Amino acid sequence: MVEKIIQVAFYDTKAYDKPSFEQYGGQNGIRFRFFETKLNEDTAALAEGCDAVCVFVNDDVSSAVIDKLYEYGVRLIALRSAGYNNVDVRAAFGKIHVVHVPAYSPYAVAEHAAALLLTSVRRIHKAYNRTREFNFSLAGLTGFDLHGKTVGVVGTGKIGRIFIDICRGFGMKVVAYDLFQADGVDYVSLDTLFAESDVISLHCPLTDDTKHIINAKTIEKMKKGVVLINTSRGALIDAEALLNGIRSRKIGAACLDVYEEEADIFFEDRSGHIMDDELLSRLISMPNVIVTSHQAFLTEEALNNIADTTVNNIISYFKNDGVCDNELCYRCGNIEKCRNDRKERCF
Ligand code: NAI
């Protein structure tokens, strides 16, 4: 008997996605149809006839899109990311199963956060531009030692804990905030973290509780000169409040791999275009703001792990018993608990 090829509509394709997905998919009877466009209500029709869709962080997987996908016969949404704030998991329940890649390389993200931190505090971004023009002046490049400083880590999951280890390697004092406490970490209240930290790094997911966790009020509570790092999700920070904090000199530097309105901007070459987003333009124009375009995950190891896990998730659903450890499900109204406890399909 010829085994059925699983058809998967792959949205928001980038050149770096294709080699690993073609390789792992080909080896496992999965045919990916690659589309450059993002998934939204208008592009959902491209998935007609497909068994699954494969999406990334800026695809729109809202309730309306889920209904359309369901109509077109799609039965699985395979996220190739850890974060799933762009998916209405509640709306998907009972219709389409949702799987994600819980960890592809937490090291990639934690190391990128550290790279941004070092770049910022030692002004590497400034020095790099200067020496390319044979400007060897050191004026304005004075940084500060990380050794002995306090770093506040919000979210001590896989990435946060690796970032903590890196910071300890620099001789920094670490304080942390999380809803759940891990061993060997010094937890404090969020207010204490804001008050004591010279550097604050965000590693929690975007939820209703964490949206704009950095806002005008919380910035008020921080030390003058604090360095903020966000490699998690843009909407954790109220970008307007951040800009005001930088302009008032309260915030010493910001390192942003994510931005609330990044969906229509990041991942594309916009160098020949007029930038319509005034807020992002202002942030980028600041000498103490470093922006990378959601690049923290982008290592060879992570890309291979993403393709490998996504293909295994798809195989689990269509070819095995349908139980996938990486399923996100709304069964108990608690996505994480449900994912961890499930031994059988919920619907
Ligand atoms: P994880 O699930 O291992 O850890 C998240 C931690 O945040 C958990 O310990 C959880 O208890 C905590 N948390 C949840 N709600 C919280 C709250 N209200 N306040 C404080 N802590 C809270 O996730 P992981 O793998 O460490 O990833 C963290 C985040 O990093 C993801 O949610 C994702 O948004 C982001 N990410 C960004 C990437 C990039 O390329 N920039 C790539 C991968 C992930």
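Refer to the structure printed above.
Model, not experiment: these values are computed from the prediction.

Here is what the cut-offs are and how they apply
- Residues numbered from 1 in each chain as written.
- Predicted model: local features only at pLDDT ≥ 70, side-chain atom pairs only at ≥ 80, totals over all residues.
- Heavy atoms only, no water.
- Helix = DSSP H or I, 4+ residues; strand = E, 2+ residues; numbered from the N terminus.
- Buried < 20%, exposed > 50% of the residue type's maximum accessible area, 1.4 Å probe, protein only.
- Lys, Arg positive; Asp, Glu negative; His and termini not counted.
- Charge placed at Lys NZ, Arg CZ, Asp CG, Glu CD.
- Axes fitted to C-alpha atoms, helices over the stretch in contact; angles between N-to-C directions.
- Left-handed = near helix turned anticlockwise from the far one by under 90°.
- Contact = heavy atoms within 4.5 Å.
- Nonpolar A, V, L, I, M, F, W, Y, C, P; charged D, E, K, R; others polar.
- Pairing = 2+ DSSP bridges.
- Near = heavy atom within 4 Å.
- Polar contact = N/O pair within 3.5 Å; in protein donor to acceptor, adjacent residues only side chain to side chain.
- Areas by Shrake-Rupley, 256 points an atom, 1.4 Å probe, with all protein chains shown as cover.

Caption draft 1: Region of the structure containing the overall build of the protein. On a plain count of helices and strands, the protein comes out with twelve helices and twelve strands. With respect to the three principal axes, the spread of C-alpha positions in the protein is 70 × 45 × 35 Å. Counting every position in the protein, which comprises 347 residues, the buried fraction comes to 50%. Taking the average location of the 39 positive side-chain charges in the protein and that of its 48 negative ones, the two points are 4 Å from each other.

Caption draft 2: Representation of the packing of helix 1 (residues 18-27) against helix 11 (residues 300-318) in the model. Interaxial distance between helix 1 and helix 11 falls to 9 Å at its minimum, and their mutual angle equals 35 degrees. Note that helix 1 runs across helix 11; the crossing there is right-handed. The segment helix 1 lies against helix 11, with S20, F21, Y24 and G25 engaging L303, N304, I306, A307, D308, T310 and V311. When the residues that make up the contact of helix 1 with helix 11 are grouped by side-chain class, the tally is six nonpolar, four polar and one charged.

Caption draft 3: Region of interest: the sheet that holds strand 7 (residues 173-177). Taken in spatial order, the six strands make up an open sheet running 7-6-8-9-10-11, and their pairing is parallel. Pairing within the sheet leaves two strands with one partner each, and these edge strands are strand 7 and strand 11 (289-291). Pairwise comparison of adjacent strand axes, ignoring direction, gives a mean angle of 15 degrees for this sheet.

Caption draft 4: Layout of the site of the ligand. The immediate surroundings of the ligand are formed by 22 residues, with Y104, K158, I159, D178 and T231 found nearest. Take K158: an N or O atom from its side chain is 2.8 Å from an oxygen atom of the ligand. Interatomic distance of 2.9 Å between a backbone N/O atom of T231 and a nitrogen atom of the ligand. Surface burial for the ligand is 87%, taken as the share of its 870 Å² of free accessible area covered by protein chains. Looking at the shell around the ligand residue by residue, the classes come out as ten nonpolar, eight polar and four charged.

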